[in-house]
Amino acid sequence: MRTDSSPGSLPAREHLPATDAGTPVLDVVIPVYNEEKDLQPCVLRLHQHLKSTFPYAFRITIADNASIDTTPQVASRLEAELAEVRSFRLEQKGRGRALRTVWSASDAPILAYMDVDLSTDLNALLPLVAPLISGHSDLAIGSRLSRSSRVVRGAKREFISRTYNLILRGSLQARFSDAQCGFKAIRRDVAQVLLPLVEDTGWFFDTEMLVLAERAGLRIHEVPVDWVDDPDSTVHIVKTATDDLKGVWRVGKALATGSLPLDRLARPFGDDPQDREIQDVPKGLARQLVGFCVVGGLSTLFYLLLYTVFRQFSGSQIANALALLVSAIANTAANRRLTFGVRGRGGAVKHQAQGLVVFGIGLILTSGSLAALNAASSDPGHTTELAVLVAANLAATVLRFLLFRAWVFPDRRDDDRPSTVVASHTPYDPTQFRVDEAADRSWRDATLQLQPVRPTDTDPRDRR
């Protein structure tokens, strides 16, 4: 997997300001390979739709994937005739390669792509990009599998599409509904950090991008679309399916081993209530409580099982001490890794020693409870013993969490956290991704100068 992007955190999403129409807000990429027949009607139809309905400046970029027919000539002619059309020639095939190259070089804050056959109804384009312009979402995809979508296609393609998405849900825990629909958009600030992590250069590019974005916590907006299958599609289904399955295996392995630096995609989610700083409530407390309760519940079951086993050949006090000791060691190790997120072997011995002190306090509580029970009844039943131990363990659990959080695993993130480097935005370099601060400033300055452009505008500065 690619890991050569500039590290950093994404800033909070914001609505794109609207003050000047100099820079296109939207750049729609159309990747093509030997599409001399369909390219011109597609571009003309898309251009007319955007010019009559889209309220911002736009650009259409034709990305030619090493076509060997007259596609490059058609693209050049369209570029000469229409001010909003650009063409880009790549000498290597691959839809993913074309999208990464053009998106990385674009100065538009919203990047999109669609297939040349225009199978998706263009009325879904504005709903697709609107959440990105408003700052609500990071990526947006068209979905043919939504309940309100209207789709016309053969049973074979329907079966393949649904099976593929079931595979993604089962293997990569994907929650988005349609990975293969050729109708997607992404914010440029997200693309500049996300795309270097995407390895695939072909048809699996979309899926890999969405899986990594979802795992990183980015927001993906889905738009129901009307879609009509293209019977003349040149996609090789068997080869594409095979490559997709290889990609699923590769990405799944990378996610399982933790080799992907998804923390580079971390961003504050603006006004998300879950991410607001709440006064007098320590950060991460809710998540730690949930983790501690899960570990505590499993530890209690483990403790009771051990106590029952040890009670067969020893007295209640000895059985309680042995069961509590073994379960305490396991509990400390589980909480260290799962609840408080401490990784590696560093400090493990110290944490276990502190955990044993906490164990001693729990032992005093539980042993004292048993002593009080034995003083009250000369021969208490096994069920009564278990009930008393459960109550004593609940009290010990509350105290254990407080001691773990404040003493054993104190929150040192503010002291240990390295300084954050915000990812820069730079045009794509085929050899490597580098920080270009001048390009980043120019893009930000241009982004601050956006304003709606409507078909009825008569401003002489408007080239359209």
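Everything discussed here concerns the structure shown above.
Below or above, wherever it landed, is the structure these notes cover.

**Focus on the pairing of strand S1 (residues 26–32)**
Link 1 in the chain: Taken across its seven residues, S1 has seven buried, putting it largely inside the fold.
Link 2 in the chain: Residues Leu 26, Val 28, Ile 30 and Val 32 of S1 are buried on one face, and the alternating residues Asp 27, Val 29 and Pro 31, pointing to the opposite face, are buried as well.
Link 3 in the chain: For the segment spanning S1, helix H1 (residues 39–53) and strand S2 (residues 58–65), crossover handedness is right-handed.
Link 4 in the chain: Sheet topology note: the S1/strand S4 (residues 110–114) ladder contains four bridges and is parallel. Residue Asp 27 lies in a different strand from S4, and its bridge partner there is Leu 111.

**Description of the packing of aromatic side chains**
Ring pairs (aromatic) are described by centroid distance and by the angle formed between their planes.
Link 1 in the chain: A complete count under the given rule lists 10 aromatic pairs for this structure.
Link 2 in the chain: Pairing Phe 292 with Phe 404 gives two aromatic rings, centres 6.3 Å apart and planes at 85 degrees, and the pair type is edge-to-face. Taken together, the residues Phe 292 in helix H9 (residues 285–310) and Phe 404 in helix H12 (residues 382–408) connect sequence positions 112 residues apart.
Link 3 in the chain: One aromatic cluster in this structure is built from Phe 292, Phe 340, Phe 401, Phe 404 and Phe 409.
Link 4 in the chain: Sitting over the ring of Tyr 33, Lys 93 keeps its end group 4.1 Å from the ring centre.

**Things to note about the packing of helix H10 (residues 316–339) against helix H11 (residues 348–376)**
Two numbers describe a pair of packed helices, the interaxial angle and the distance between the axes.
Link 1 in the chain: With their axes 9 Å apart at the nearest point, H10 and H11 run at an angle of 145 degrees to one another. The two elements H10 and H11 cross, and the hand of that crossing is right-handed.
Link 2 in the chain: Its residues placed into classes, the contact of H10 with H11 shows 12 nonpolar, 11 polar and one charged.

**Observations concerning the sheet that holds strand S7 (residues 183–187)**
Link 1 in the chain: Taken in spatial order, the seven strands of this open sheet run S3-S2-S1-S4-S7-S5-S8, and their pairing is mixed. Each edge of the sheet is formed by a strand with only one pairing partner; in this case those strands are strand S3 (85–90) and strand S8 (220–224). The average angle at which neighbouring strand axes cross in this sheet is 20 degrees, direction not considered.
Link 2 in the chain: Note: strand S5 (residues 139–143) against S7, three bridges, orientation antiparallel. Across the sheet, Ile 141 pairs through a bridge with Lys 184, a residue of S7.

**What about the nonpolar core?**
Link 1 in the chain: Residues Trp 103, Leu 139, Ile 186, Met 209 and Leu 212 are the most contacted members of the largest nonpolar core, which totals 42 residues.
Link 2 in the chain: Listed by contribution, the elements that provide at least two residues to this core are helix H3 (95–105), S4, S5, helix H5 (155–172), helix H6 (188–194), helix H7 (205–215) and helix H8 (237–257).
Link 3 in the chain: Looking at which element gives the most residues to this core, the answer is H7, with six residues.
Link 4 in the chain: With sequence-adjacent residues up to four places away left out, Leu 139 is seen in contact with Leu 132, Ala 185, Ile 186, Val 190, Leu 194, Met 209, Leu 210, Ala 213, Leu 218, Arg 219, Ile 220 and His 221.

Reading guide: rules and limits
Residues numbered from 1 in each chain as written. Predicted model: local features only at pLDDT ≥ 70, side-chain atom pairs only at ≥ 80, totals over all residues. Heavy atoms only, no water. Buried < 20%, exposed > 50% of the residue type's maximum accessible area, 1.4 Å probe, protein only. Helix = DSSP H or I, 4+ residues; strand = E, 2+ residues; numbered from the N terminus. Right-handed = clockwise from strand over helix to strand, strands pointing away. Pairing = 2+ DSSP bridges. Phe/Tyr/Trp six-rings, centres within 6.5 Å; stacked < 30°, edge-to-face > 60°. Lys NZ or Arg CZ within 6 Å of the ring centre and 35° of its normal. Axes fitted to C-alpha atoms, helices over the stretch in contact; angles between N-to-C directions. Left-handed = near helix turned anticlockwise from the far one by under 90°. Nonpolar A, V, L, I, M, F, W, Y, C, P; charged D, E, K, R; others polar. Core = buried A, V, L, I, M, F, W, Y, C linked by side-chain atoms within 4.5 Å. Contact = heavy atoms within 4.5 Å.

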